[in-house]
Amino acid sequence: MAVFLTLVVGGTGILEMFYYIPTPEQAALSVQTITYLVPFGSVVRSLHYWSAQALLFVVGVHLLRVMFTGASSTPRRFNHLLGLALLVGSVLLDFTGYVLRWDQGIQWALVVGANLLKAIPLVGDSLHIMGTGGANLGATTLIRFYSWHTFGLTLPFVVLSVWHIFRVRRDGGIAVPPPALRTDHERISRRELVRRELLAALLCATVLLLLAAACPAPIAAPIVDMRELTLDARAPWFFLWVQELLRWGDPFVFGVLLPLGLLGLLSAIPYVLDGPAPAELGRWFPASGRGAQILTGVVALAVAALTVMALVRAP
Amino acid sequence: MAYSRLTLASAVLLASSVAVVAAELRKPRPVELVPSLSRQPEYCLTCHVGLPEISAAHPEQTFGCVICHGGERLALDEHLAHSSMRGGANPSDFSVVEQSCGGSQCHSGSQADQRDHIQRAMTSVQSTYAGAIASILYTFAAQPDLTARYGIAAISDEVVNTASGVAALEAFDATGFASPSIVKFGRNCTTCHIGATPADGGTYARFTGCAACHSPLGAGAPAEGNRETHVLTTAIPYAQCNTCHNRGNYDLRTMAFVPRSDHPVDRVHDYYQPIAQFVRCEYALDCIDCHTRVEAMGDGDIHSSKKEIQYIQCKTCHGTRTDLPPAMTVTDTNDISLRLAQLNPVVELSTGDRVLVTEQGEPLWNTRLLADGSYELVGKATGERFKFRPVRGSGCTQNPEEQASQYCHECHAVER
């Protein structure tokens, strides 16, 4: 599913590149051109949007499945790290793509994101300049986000994706108990596997297409003045939990350290905690790997709860 | 089983694709307009099909829509397209008029280049309401004289050209005064200046800003997006002036507006309130046939009273028993009279024609001297022709020094 979504997001992204103009004056107008004037432009853009959101969702669910079935433990620990890197990549790709709209809907998130970088001690200013290209958010910022989105993040994402899939095979396929301990020896045929995957892809494509047609990707009026923040000050949905954390106190601690800490925690789990017993590999919630499950569950619930809190808060 | 599920899923995807493609194809085809001034394509006409051109002076092919209205020129979604429009449906509202109608190529500039329309309108008594405010403050002892100190909005004038001109006005905030009458005045009596949203009711219905006068609504209230209101004209009928004027009176005791109570059915009764005395030309003509541009839109100075700006008298057209009314021959091809006649082509004016001219030098471009020594005036709003004679040579014995309308009314007033 994630591979299919990556292909859709990549294909529609390439189509958008033919019309998108990464300058502050033209960016939002070119998005309007794609949305309203290019034949099927609205569908392509909405497909790009929805497949990107779906990808993030699917990757998150995949992470939970991996953690709750003990699949991240040895020998798949390294692939777990690759997977987490892909999750971070998806988030960054989604955020950079969101900023490329360069309209009033993204203004607030861009300013907060840029200021968060600045809040990091010692290297913050350098990171801010690397990310935004200078003190004022403008042409240098946009071209950086464009380059990261279409190249700087996409290329590593593709390489890591291939590596991730390759490692699945190298690590002995998906996590199941070793042959001697298996109770269920039945395996589905290759043909059946292709059939199932094709079916998933078809259903996914249908849902995406209908979503794209019924709920077009968001759009707003072009930015008039970067210093005037007028519209809804909500972060994109995948950063709502960070936005909620930011209300708690110091931006560096709550906006940078804590999210990075959670990521570190998820990475460290298979290295620190024991994995499930071989016989229970691939089973949901195996009794022998409770620690990892509880930690992951707490992180997931916390992120979900923070997101809900941010959602119900009046804008 | 697996095959049939795959087939079914494929069929559903195919059907969805067909539906999406059909929906896309059913969307209206974008209608492009590339105005020669901006040279940037805009797609407003995709939805606004058949909207009448706003005026001959603002052709659609030259101006397009966005240069005046703002908005998102490429967006075909109603909400987004309209989101950045200036002044909603009315870009001439004074809050945005400089961006919409102004600019050195259009209606903003200096007196010398005759593009100071916005500056004049915004400093005029119709906009500042300074005369009424000063008069009320003086009446209720909040200021020692009738010189204006406050306007509806704060405004200043860098170059004061007339003796009675005021350099600056502060924004009037009635709540800062002790007198309850002044507070009431602020609450009840500030809807008539042209920057204000008018009071409710069809008889008061007008836009704000330039459009308050130049987009006459005709009969009935303006509807949002009403095609008949997409008009800019200098042919302003008296009914448009009467959305503010002649609608009733302020009661100084209660500080409330008392609407006129009569129900006029014809022009002669509709024009003025029953209390007024007037002569035939005062109702047969429209207000703008006598009152000049400077009187209506101001002279660029901030004044304390309309009396400082109103100067047209009966003698402007009729002269006195000793003098003929002043006249001028149009010589310059760029003369203001020719330009005004081109904007509102009720007369065919050309160089060599002789027209009346006011004592301040404003040509009455809709008048003409006839061969028999009489004059003709063409109604700017009606196109109707009126022939009239000078006082000189008639039996009139009026003292040339006493020319206010009340003196003429003594003999020439009509009864209603």
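Just so it is clear, the structure is predicted and the values come from calculations on it, not from any experiment.

1. Thoughts on the overall build of chain B
Alright, step 1. Assigned secondary structure in chain B consists of 18 helices and eleven strands.
Alright, step 2. Referenced to the eigenvectors of the C-alpha coordinate spread, the extents of chain B come out at roughly 110 × 60 × 45 Å.
Alright, step 3. Considering only residue pairs separated by 6 or more positions, chain B has 53% of its internal contacts joining residues 24 or more positions apart.

2. Considering the overall build of chain A
Alright, step 1. In terms of regular secondary structure, chain A is built from twelve helices and zero strands.
Alright, step 2. For chain A, the α and β elements follow one another from N to C terminus as α-α-α-α-α-α-α-α-α-α-α-α.
Alright, step 3. Relative to the 2.2 N^0.38 estimate, which gives 20 Å for 315 residues, the radius of gyration of chain A is 21 Å and therefore close to what a compact globule would have.
Alright, step 4. Taking all 315 residues of chain A together, 35% fall into the buried category.

3. Description of the interface of chain A and chain B
Alright, step 1. Taken residue by residue, the interface counts 20 residues in chain A and 20 residues in chain B.
Alright, step 2. When contributions to the side of chain A that touches chain B are tallied by element, the ones reaching two or more residues are α2 (27–37) and α9 (190–214) of chain A.
Alright, step 3. Tallied by class, the residues present in the side of chain A that touches chain B amount to 15 nonpolar, three polar and two charged.

4. Regarding helix α12 (residues 290–312) of chain A
Residues and elements named next belong to chain A.
Alright, step 1. A rise of 1.5 Å per residue sets the reference length of α12, with its 23 residues, at 33 Å; its end C-alpha atoms lie 32 Å apart and thus fit the reference within 8%.
Alright, step 2. Those residues of α12 that fall on the buried side of the exposure criterion are Ala-292, Gln-293 and Ala-310.
Alright, step 3. On its buried face, α12 sits against α3 (41–68), α10 (240–246) and α11 (251–272).

5. Concerning the pairing of strand β11 (residues 385–388) of chain B
Residues and elements named next belong to chain B.
Alright, step 1. The pairing of strand β10 (residues 375–378) with β11 spans four bridges and is antiparallel. When the sheet's bridge partners are listed, Glu-376 is paired in β11 with Lys-387.
Alright, step 2. Here β10 hands over to β11 after six residues, with Gly-383 in that stretch at a positive phi of 75°.

6. Comments concerning the sheet that holds strand β6 (residues 327–329) of chain B
Residue and element names in this part refer to chain B.
Alright, step 1. Strand order in the open sheet formed by three strands is β6-β7-β8, with antiparallel pairing between adjacent strands. The sheet is open, and its two borders are formed by β6 and β8 (363–364), each paired with just one other strand.
Alright, step 2. Looking at chain direction, β6 and strand β7 (residues 354–357) are connected through three bridges and run antiparallel. In the strand pairing of β7, Ala-327 is matched with Leu-356.

7. Structural notes on the sheet that holds strand β9 (residues 367–369) of chain B
All names here are of chain B.
Alright, step 1. Read from one edge of the open sheet, three strands run β9-β10-β11, paired in antiparallel fashion. If you trace the sheet from one side to the other, it starts and ends with β9 and β11, each paired once. Each strand of the sheet is rotated relative to its neighbour by a mean of 20°, with strand direction disregarded.

8. Quick word on the packing of α3 of chain A against α9 of chain A
All names here are of chain A.
Alright, step 1. Orientation of α3 relative to α9, taken along the N-to-C sense of each, is 120°, at an axis distance of 8 Å. The angle between α3 and α9 falls in the class oblique. At the point where α3 passes α9, the crossing takes the right-handed sense. The segment α3 lies against α9, with Val-43, Ser-46, Leu-47, Trp-50, Ser-51 and Ala-54 engaging Leu-208, Leu-211, Ala-212 and Ala-213.
Alright, step 2. Grouping the constituent residues of the contact of α3 with α9 by class yields eight nonpolar, two polar and no charged.

9. What to know about the environment of Val-160 of chain B
All names here are of chain B.
Alright, step 1. Topologically, Val-160 is positioned in the loop between β2 (155–156) and β3 (168–171).
Alright, step 2. Along the sequence, Val-160 and Ile-302 sit 142 residues apart, while their C-alpha atoms lie 8.0 Å from each other.
Alright, step 3. For Val-160, the contacting residues outside a window of four places in its chain are Gly-165, Ala-167 and Asp-301.

10. Focus on the domain arrangement of chain B
Alright, step 1. Per the domain assignment, the segments of chain B are domain 1 (20–85), domain 2 (117–297) and domain 3 (311–406).
Alright, step 2. A straight line from the C-alpha centre of domain 1 of chain B to that of domain 3 of chain B covers 43 Å.

11. Concerning the environment of Gln-114 of chain B
Residues and elements named next belong to chain B.
Alright, step 1. As for its placement among the helices and strands, Gln-114 is situated in the loop between α5 (97–100) and α6 (117–123).
Alright, step 2. Overall, Gln-114 belongs to the exposed group, with 11 C-beta atoms counted inside 10 Å.
Alright, step 3. C-alpha of Gln-114 to C-alpha of Ile-336: the two residues are 222 residues apart in sequence and 9.1 Å apart in space.

12. Section: the confidence of the model for chain B
Residues and elements named next belong to chain B.
Alright, step 1. This prediction gives chain B a mean pLDDT of 90; 96% of its residues lie at or above 70.
Alright, step 2. Low confidence marks residues 219–225, where pLDDT is under 50. Its contacts with residues over four positions away, or in another chain, come to nine contacts.
Alright, step 3. Scored as a whole, the predicted complex attains pTM 0.83, and scored at its interfaces, ipTM 0.80.

About the cut-offs
- Residues numbered from 1 in each chain as written.
- Chains lettered and ligands numbered in written order.
- Predicted model: local features only at pLDDT ≥ 70, side-chain atom pairs only at ≥ 80, totals over all residues.
- Helix = DSSP H or I, 4+ residues; strand = E, 2+ residues; numbered from the N terminus.
- Contact = placed C-beta atoms within 7 Å.
- Rg over C-alpha atoms; globule rule 2.2 N^0.38 Å.
- Buried ≥ 20, exposed ≤ 12 C-beta atoms within 10 Å, placed from the backbone.
- Nonpolar A, V, L, I, M, F, W, Y, C, P; charged D, E, K, R; others polar.
- Expected span 1.5 Å × (residues − 1).
- Pairing = 2+ DSSP bridges.
- Axes fitted to C-alpha atoms, helices over the stretch in contact; angles between N-to-C directions.
- Parallel < 35°, antiparallel > 145°, perpendicular 65-115°, else oblique.
- Left-handed = near helix turned anticlockwise from the far one by under 90°.
- Domains from an automatic or database assignment.
- pLDDT = per-residue confidence, 0-100.

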